[in-house]
Amino acid sequence: MTTLPLTTDRTAVDKGEQRRELGVFLRSRRERIQPDEVGFAPGGRRRTPGLRREEVALLAGVGVTWYTWLEQGRDINVSAQVLEALANTLRLDRQERNHLFTLAGLQVGPARGECAILPASVQRTLDAVSPYPAVVLSARYDILAFNEAYCRVVLDLREIPVEERNMLWVTFVSREWRCTFAESESMKVHMVAGFRAAMADHLGEPAWQDLLQRLLAGSKLFTELWERYEVASPSNRIKVLENPDAGMLRIEPVNLWLSQLGQFRATVYTAADEDTEKKLRALVGSGRGQSAGIS
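Residues numbered from 1 in each chain as written. Predicted model: local features only at pLDDT ≥ 70, side-chain atom pairs only at ≥ 80, totals over all residues. Heavy atoms only, no water.

## As for the environment of proline 35
Going by this rule: Going along the chain from the N terminus, every DSSP run of H or I of four or more residues is numbered as a helix, and every run of E of two or more is numbered as a strand. We call two residues contacting when some pair of their heavy atoms lies within 4.5 Å.
Residue position: proline 35 is located in the loop between α1 (15-30) and α2 (53-60). Counting along the chain gives 15 residues from proline 35 to glycine 50, while the straight-line C-alpha distance between them is 6.3 Å. Not counting residues up to four positions away in its chain, the partners in contact with proline 35 are Phe40, Ala41, Arg46, Gly50 and Leu51.

Here's what the structure looks like:
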């Protein structure tokens, strides 16, 4: 078993591209708000759906020219106070607000790690939680580690080449899934929204751009979801899946952030009911304690 160095190069971020992405995001948020929802008359001819730029500027208490420049991606000064006003005007939820601040170049929450190595102790931890499936993902959805239970219950990642072990790639382009999620469409929507939120910190980085372009070229569905400009954080909702050997399983994800390593998340899928608990123990019990591997 080996570990690979994993680095995050923040200096490669293209600030110009980040500003352009900020403009696109703001435009997508204002276009979803109907004028009558915020007190404007719905009548009149409108070239685009939703609010006009001048209406957003008026509601947020900022200048029309300044807001227009912001949407155009110009390099202008943006304060946290003004961003809060825009977030309130555009009715952004917590995740969308954080995305807005990140794109504007303002820190949200603690600073992220710059470089990390995934230690063997992480794999031992994943093995210890069997019969619960467990996997470690990077912010880019790269699959970094997993246990035997994950291979038996969800997807046998050992059959997938290391260079293709990315959850987005497996979900949208590859055909290697071993089980079927009952709400696969909503799951895919949430994954793409999570990827967009994470990418705000990595715009211009070659590895991120390369993955994005390959996903856009390889999946029409991914392209459609990407163009929605939705953002989201990891979900803790119960998932229902159909395993070919155990039948229907109801599993509940527990997300554990490996903060000392950077932007890595370990997800353990616990049994959501007694029936699933029994099935997991019957399905995985004989393989308990076996190590599946670290990418």
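We are not done yet, so read on.
## Let's talk about the packing of aromatic side chains
Counted only if it meets this: Planes of paired rings set the category: under 30 degrees apart is stacked, over 60 is edge-to-face and the rest tilted, where pairs are Phe, Tyr or Trp rings (Trp by its six-membered ring) whose centres lie within 6.5 Å.
Counted according to the given criterion, the structure contains six aromatic pairs. Residues phenylalanine 195 and tryptophan 208 carry aromatic rings whose centres are separated by 5.7 Å and whose planes lie at 5° to one another, so their mutual orientation is stacked. Residue phenylalanine 195 is found in helix α9 (residues 184-199), and its partner tryptophan 208 is found in helix α10 (residues 206-218); the two are separated by 13 residues along the sequence. With 5.7 Å between their ring centres and 45° between their planes, phenylalanine 195 and tryptophan 226 make a pair best called tilted. A residue pair is termed long-range when its members are at least 10 positions apart, and phenylalanine 195 in helix α9 and tryptophan 226 in helix α11 (residues 220-226) qualify at 31 residues.

## Quick notes on the side chain of glutamate 148
For the record, the criterion: Type-normalised accessible area, obtained with a 1.4 Å probe on protein chains alone, sets the label of each residue: buried when under 20%, exposed when over 50%, and partly exposed for intermediate values. N or O atoms closer than or at 3.5 Å make up a polar contact, with two conditions inside protein: a donor-capable atom paired with an acceptor-capable one, and, for residues adjacent in sequence, both atoms drawn from side chains.
Mapped onto the elements, glutamate 148 comes out in helix α7 (residues 148-153). You can call glutamate 148 buried: its relative accessible area is 6%. One polar contact links glutamate 148 to arginine 152, side chain to side chain, over a distance of 3.0 Å.

## Describing the confidence of the model for the protein
The test is simple: Here pLDDT means the predictor's own confidence in every residue, given as a number from 0 to 100.
In the predicted model, the protein carries a mean pLDDT of 85, and 86% of its residues have values of at least 70. The weakest mean pLDDT in the protein belongs to strand β1 (residues 5-7) at 42; the strongest belongs to α11 at 97. When the criterion is pLDDT under 50, residues 1-12 qualifies, and its contacts beyond four places in sequence or with other chains add up to 31 contacts. This model gives residues 110-116 a pLDDT under 50, and the stretch forms 14 contacts once residues within four places in sequence are excluded.

## Details of helix α4 (residues 80-89)
The condition is simple: Think of it as the arc spanned by the lines of direction from the helix axis to the C-beta atoms.
Where α4 is concerned, the buried positions are Leu83, Leu86, Ala87 and Thr89. Summarising the axial view, the buried residues of α4 lie within an arc of 165°, below the 170-degree limit, and thus occupy one face. Residues of α4 that are exposed and point more than 90 degrees away from the buried face comprise Gln81 and Asn88. Those residues of α4 that are buried lie in contact with α2, α3 (64-71) and α5 (94-103). Phi for arginine 91, located one or two positions after α4, is positive at around 55°.

## Here we look at the side chain of asparagine 243
Mapped onto the elements of the fold, asparagine 243 is located in strand β6 (residues 239-243). Reaching out from asparagine 243, the side chain makes a polar contact with the backbone nitrogen of alanine 246 at a distance of 3.0 Å.

## A short note on the pairing of strand β3 (residues 134-138)
Using the following cut-off: Criterion used throughout: strands pair if DSSP finds at least two bridges between them.
With five of its five residues buried, β3 lies for the most part within the structure. Side chains Ala134, Val136 and Ser138 project from β3 onto one buried face, and the interleaved Val135 and Leu137 project onto a second face that is buried too. Here three bridges tie β3 to strand β4 (residues 143-147), and the two strands are oriented antiparallel to one another. Within β4, the residue paired with leucine 137 across the bridge is isoleucine 143. Linkage of β3 to β4, two consecutive antiparallel strands, is achieved through a turn of four residues, within which tyrosine 141 is found at a positive phi near 70°.

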